Structures are given as C-alpha cells and as structure tokens.
Amino acid sequence: DNKFHGNGTYTSAYGEKYEGEFSEGRYSGKGVRSTPDGNVYVGSFYDGEEEGYGIMYYADGRKFEGEFSEGFPTTNGKLYDSQGILITPDPSEEF
C-alpha cells in the first residue's frame, strides 16, 4: 500500500504541516504539527491525533504543557498566558 511509514513531512492542501513519525499513513509517535491559524503542537501523536505528553503553542501567545487525549488538552497539565504566567492548573476551565 502507499501509506506513509517512518519519518517524514506532510503539508495539507489547506496549509497544515506535520513533521515527524508516521505509521500506516497516520501521525504516530513524536512530531510537530502547525496549523494555518498559527498554532503549533510539539509532542506525541497516536492515530493522527495529539495523544500523550506535548506542548501546544497558541497563536495568541498562550501555551499548554501537559497531557493530551484525542487531540485535546486534558486537566493533567498547565496553561500559561502570553507572558508565561500560569493561568490555571485546570485548562478545561479555559477552553
């Protein structure tokens, strides 16, 4: 089959870019995903989604550092404002 496997770079038609590990054509392992709106995620992926430990740098300057599940930050992490000040230890309050 023609599915990506191993390390590589993928840029989608709408401007998302991923650099990292692939398995069966999906983002899987360590990688960096940047979106057209300016968000950048650095960390672990599973089955095409942010999964496990990572850092999300938001275009507005905020940063979440901690655990992700199915592409979303969990309550096991910290959210910082654009000045690096801890906003809340429970990021679900912010999203």
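Above this text is the structure in question.
Heads up: these notes are all about the structure in this document.

What counts, and where the lines are drawn
- Residues numbered from 1 in each chain as written.
- Predicted model: local features only at pLDDT ≥ 70, side-chain atom pairs only at ≥ 80, totals over all residues.
- Heavy atoms only, no water.
- Pairing = 2+ DSSP bridges.
- Helix = DSSP H or I, 4+ residues; strand = E, 2+ residues; numbered from the N terminus.
- Axes fitted to C-alpha atoms, helices over the stretch in contact; angles between N-to-C directions.
- Phe/Tyr/Trp six-rings, centres within 6.5 Å; stacked < 30°, edge-to-face > 60°.
- Buried < 20%, exposed > 50% of the residue type's maximum accessible area, 1.4 Å probe, protein only.
- Lys NZ or Arg CZ within 6 Å of the ring centre and 35° of its normal.
- Salt bridge = Lys/Arg side-chain N within 4 Å of Asp/Glu carboxyl O.

**Let's talk about the pairing of strand β3 (residues 26-34)**
Point 1. Relative to β3, strand β2 (residues 17-23) is paired through six bridges, and the arrangement is antiparallel. Bridge pairing in β3 places lysine 17 opposite serine 34.
Point 2. What sits between β2 and β3 in their antiparallel hairpin is a turn of two residues, with glutamate 24 showing a positive phi close to 55°.
Point 3. Two strands pair when backbone bridges link them, and β3 and strand β4 (residues 40-46) are joined in this way by six bridges, in the antiparallel orientation. Across the sheet, residue glycine 31 finds its bridge partner in β4, namely glycine 43.
Point 4. Here β3 folds back onto β4, and the loop between the two strands holds five residues, one of which, glycine 38, carries a positive phi near 100°.

**Topic: the sheet that holds strand β8 (residues 86-88)**
Point 1. As summarised here, the arrangement of the eight strands in space is β1-β2-β3-β4-β5-β6-β7-β8, forming an open sheet in which the pairing is antiparallel. In this open sheet, the two strands that pair with only one neighbour each are β1 (6-11) and β8. Pairwise comparison of adjacent strand axes, ignoring direction, gives a mean angle of 15° for this sheet.
Point 2. For β1 and β2, the ladder comprises six bridges, and the chain directions are antiparallel.

**Observations regarding the packing of aromatic side chains**
Point 1. What the rule picks out here adds up to 10 aromatic pairs.
Point 2. Ring plane angle 85° and centroid distance 5.0 Å describe the contact between tyrosine 18 and phenylalanine 45, whose orientation is recorded as edge-to-face. Taken together, the residues tyrosine 18 in strand β2 and phenylalanine 45 in strand β4 connect sequence positions 27 residues apart. The pair tyrosine 18 / phenylalanine 45 is uniform in exposure class, with both members buried.
Point 3. Chaining the aromatic ring pairs together yields one cluster made of Phe4, Tyr10, Tyr18, Phe22, Tyr27, Tyr41, Phe45, Phe64 and Phe68.
Point 4. When the ring centre of tyrosine 58 is taken as origin, the NZ or CZ atom of arginine 62, which lies over that ring, is 4.6 Å away.

**Re the pattern of salt bridges**
Point 1. Under the definition given, this model contains six salt bridges.
Point 2. Ionic pairing is found between glutamate 50 and arginine 33, a salt bridge with its closest N-O pair at 3.0 Å. Residue glutamate 50 is found in strand β5 (residues 49-57), and its partner arginine 33 is found in strand β3; the two are separated by 17 residues along the sequence. As far as the burial class goes, glutamate 50 and arginine 33 line up, both buried.
Point 3. Here the salt bridges do not stand alone but share partners, grouping Glu16, Arg33 and Glu50 into one network.

Don't take any of this as a statement about function, it's just geometry.
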